[in-house]
Amino acid sequence: MDTVMQSQREVPVIADVDVCVIGGGPGGLPAALAAARQGADTMVVEMQGFFGGMATAGQVGPILGHTGSRAHNPTIAGIAQEICERMAAIGEATPWEEAVKQWGISFNTEGLKVIADRMIQEAGVKTMLHTFFVDSVVESGRMTHALVASKSGLQAIRAKVFVDATGDADVAFRAGCECTHGRPADGKPMAMGSMFRIGGTETLTPEVRKACMEKTREAVQGGLNMYNAGMGGHGSTIRAGEASVNMTRYGGDSAKVADLTEGEFVTRDLAWKVLEVWRSVPGAEGLYMISTPPHVGVRESRQIVGDFRLTGADVVEGRKYDDSVARCSYWIDIHCPRGMVSGGQVHLCKKSCPQSDCYMLTEHLEELPEELYPPDGDWCSIPYGTLVPKSVDGILVSGRCISADYQAMAASRVMGPCLAIGEAAGTAAGIAVKAGVTPREVDVQALRKTLTDNGALV
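Residues numbered from 1 in each chain as written. Predicted model: local features only at pLDDT ≥ 70, side-chain atom pairs only at ≥ 80, totals over all residues. Heavy atoms only, no water.

(A) Just the overall build of the protein, in detail. A count of helices and strands for the protein gives 12 helices and 14 strands. Rg of the C-alpha trace for the protein: 22 Å, near the compact-globule value of 23 Å for 458 residues, within the 12% margin. Counted over contacts in the protein with a minimum sequence separation of 6, partners at least 24 positions apart contribute 74%. Surface summary for the protein: the accessible area is close to 17,900 Å², and the carbon and sulfur share equals 51%. Charge separation in the protein, taken as the distance between the mean sites of 42 positive and 54 negative side-chain charges, equals 2 Å. (Helix = DSSP H or I, 4+ residues; strand = E, 2+ residues; numbered from the N terminus. Rg over C-alpha atoms; globule rule 2.2 N^0.38 Å. Contact = heavy atoms within 4.5 Å. Areas by Shrake-Rupley, 256 points an atom, 1.4 Å probe, with all protein chains shown as cover. Lys, Arg positive; Asp, Glu negative; His and termini not counted. Charge placed at Lys NZ, Arg CZ, Asp CG, Glu CD.)

(B) Fine view of the state of the cysteines. The tally for this structure, following the rule as stated, stands at zero disulfides. Among the cysteines around C84, which has no disulfide bond, C418 carries the closest sulfur, lying 13 Å off. With no disulfide of its own, C358 has C349 as its nearest cysteine by sulfur position, at a separation of 6.3 Å. With relative accessibility at 9%, the residue C358 sits in the buried group. (Disulfide = S-S within 2.5 Å. Buried < 20%, exposed > 50% of the residue type's maximum accessible area, 1.4 Å probe, protein only.)

(C) Quick look at the environment of F132. Mapping F132 onto the fold places it in strand β4 (residues 132-139). For F132, a relative accessible area of 47% gives the class partly exposed. Sequence spacing of F132 and I22 is 110 residues, and the spatial spacing of their C-alpha atoms is 8.9 Å. Setting aside its immediate chain neighbours within four residues, F132 contacts M47, L147, V148 and A149.

(D) Broad picture of the pattern of salt bridges. Overall, the coordinates contain 21 salt bridges when judged by the stated rule. R400 serves as the salt-bridge partner of D168, at 3.1 Å between the closest nitrogen and oxygen. Taken together, the residues D168 in the loop between β6 (153-164) and α5 (170-174) and R400 in the loop between β14 (395-397) and α10 (406-412) connect sequence positions 232 residues apart. Put simply, D307, D393 and R440 are held in one network by salt bridges that share partners. (Salt bridge = Lys/Arg side-chain N within 4 Å of Asp/Glu carboxyl O.)

(E) Region of interest: the sheet that holds strand β9 (residues 242-245). Pairing is antiparallel across the open sheet formed by three strands, whose spatial order is β9-β8-β10. In this open sheet, the two edge strands, each paired with only one partner strand, are β9 and β10 (288-291). Here the strands of the sheet are splayed against their neighbours by 35° on average, with no regard to which way each runs. Where helix α7 (residues 257-279) meets the sheet, its contacts fall on β8 (196-199), β9 and β10, and the angle it forms with β10 comes to roughly 150°. (Pairing = 2+ DSSP bridges. Axes fitted to C-alpha atoms, helices over the stretch in contact; angles between N-to-C directions.)

(F) Layout of the packing of aromatic side chains. In this structure the tally under the stated criterion is five aromatic pairs. Taken together, the aromatic side chains of W103, Y330, W331 and Y373 make up a single cluster linked through ring pairs. The aromatic ring of F173 is capped on one face by R302, whose charged end is 4.0 Å from the ring centroid. Lying over the aromatic face of W379, K320 brings its terminal NZ or CZ to 4.5 Å of the ring centre. (Phe/Tyr/Trp six-rings, centres within 6.5 Å; stacked < 30°, edge-to-face > 60°. Lys NZ or Arg CZ within 6 Å of the ring centre and 35° of its normal.)

(G) Structural detail: the nonpolar core. Within the largest apolar cluster, 109 residues are counted, with the highest numbers of intra-cluster contacts made by I157, Y384 and L387. Residue contributions to this core peak at 11 residues, all from helix α11 (residues 415-435). Apart from residues lying up to four places away in sequence, L387 is in contact with I304, V325, I382, I395, L396, V397, I402, I421, A424 and A425. Of all hydrophobic cores here, the second largest spans 25 residues; its members include A243, A271, V281 and M289. (Core = buried A, V, L, I, M, F, W, Y, C linked by side-chain atoms within 4.5 Å.)

(H) Region of interest: the side chain of D259. Tracing the sequence through the fold places D259 in helix α7. Look at D259: it is buried, it has no salt bridge, and the nearest opposite charge is K256 at 5.1 Å.

(I) Region of interest: the side chain of E242. Position of E242 among the secondary structure elements: in strand β9. Taking relative accessible area as the criterion, E242 reaches 15% and is therefore assigned buried.

(J) Fine view of unusual backbone geometry. A cis amide bond links G61 to the next residue, P62, at an omega of 5°. Position of P62 among the secondary structure elements: in the loop between β2 (42-45) and α2 (78-89). A positive phi angle is found at Q59, which is not glycine, with a value near 55°. Residue placement: Q59 occurs in the loop between β2 and α2. By relative accessible area, Q59 is classed as buried at 5%.

(K) Inspection of the environment of I198 at higher detail. When you line up the elements, I198 lands in strand β8. Separated by 45 residues in sequence, I198 and A243 have C-alpha atoms that sit 5.5 Å apart. Each residue touching I198, except ones within four places of it in the same chain, is listed here: M231, G241, E242, A243, V245, L275, W278, L287, Y288 and I290.

(L) The pairing of β6, seen in detail. Two strands pair when backbone bridges link them, and strand β1 (residues 13-22) and β6 are joined in this way by eight bridges, in the parallel orientation. Opposite V21, over in β6, you have V163 as the bridge partner. Looking at chain direction, strand β5 (residues 142-150) and β6 are connected through six bridges and run antiparallel. Among the inter-strand pairings, A146 is bridged to a residue of β6, identified as I157. Here β5 hands over to β6 after two residues, the two strands then running antiparallel side by side. As defined by bridge partners, β6 adjoins β14 across three bridges and the pair is classed as parallel. From the neighbouring strand, D164 faces β14, where its bridge partner is V397.

Given below as structure tokens:
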């Protein structure tokens, strides 16, 4: 491989804080808020110009995993509920009391952006937007600095505790933490896919909708790589005449920039192609594209190896643990890592997949789940140990990169659990700083009490 040398230089330390959260998405936003509310001097670093992660940059919605499986009992509360209620108060989300009776919490992405801004500023969180994480500095087994890059150049942030909310475990991985990557058989993570938003749906009659869906099925049979024929609904929009659509698929790895790049091209092109299919149906000519997302939708890449590892069996059996700091009520939803659709019938990677010639079915059947759901109305614990890397101190992880096998990750990755995990991570970071201990040494029962006192569900 061709290389280039750059003269060594000192990197200026531009911040010395108690807690530094890398990533401002569903796993990072509540972490930063929770740490600051614990009295910690907190900084959050975000690569976009706004918070929300996949919920805003990916236009992913609704917020799933907020209630017990196939039931209406909330499994998230605390900061997650506060964010949703504040969005609803300005007309940008479904009211909480209605949302807990629905499949997910629908919202407008712009509403989430402004509420996140306000909450971060009210909490006094120091903020660096348009800033990329570059590397971790570890001394004597503990992370001490994060290197970041922006228009201001390469800079360093010193912190007592770092929260990795990158979604891809970038901070932990660069710090030397052991990580798994995708499923064991071939290392492939779940397929990417980008949601897009369309307008003009108020003109569609039930007959026209049915015709659009049938036309989509025909296009998929002809080779269009869409994994369903639905026309979306209120997810990352609640406006009349608009729909957020979740159909595109690309089998790639978000930890590789080449795959991220190709994923943008592929999913954006697919969004426009399906719109063209719908517009070809009489009565649907007025549909139009409102937006495609600024960032391809990512479901999975790395997970840390932590002090505890959540498993698919934990999910489907609804197991509870004494050191639980959040709840996961979603199901094992593994989008085909190969990006296959097989005529629109392939969605989930499981033993009964209709793609009969897949090597997972012929060579690795024992790795695939068949039971997918927790018991009705139930949930499993997310133990504190899933947030703590085994091999490096000074780091907590949040969001979809916690310590989980690829089946459990497929359940805990959705935004409801990620928001709850974020509050737990930020609270733990604040407690660690206050007590002068590492995250691994935090009194978990004291953490659980603090979380419940603040309205979270553990």
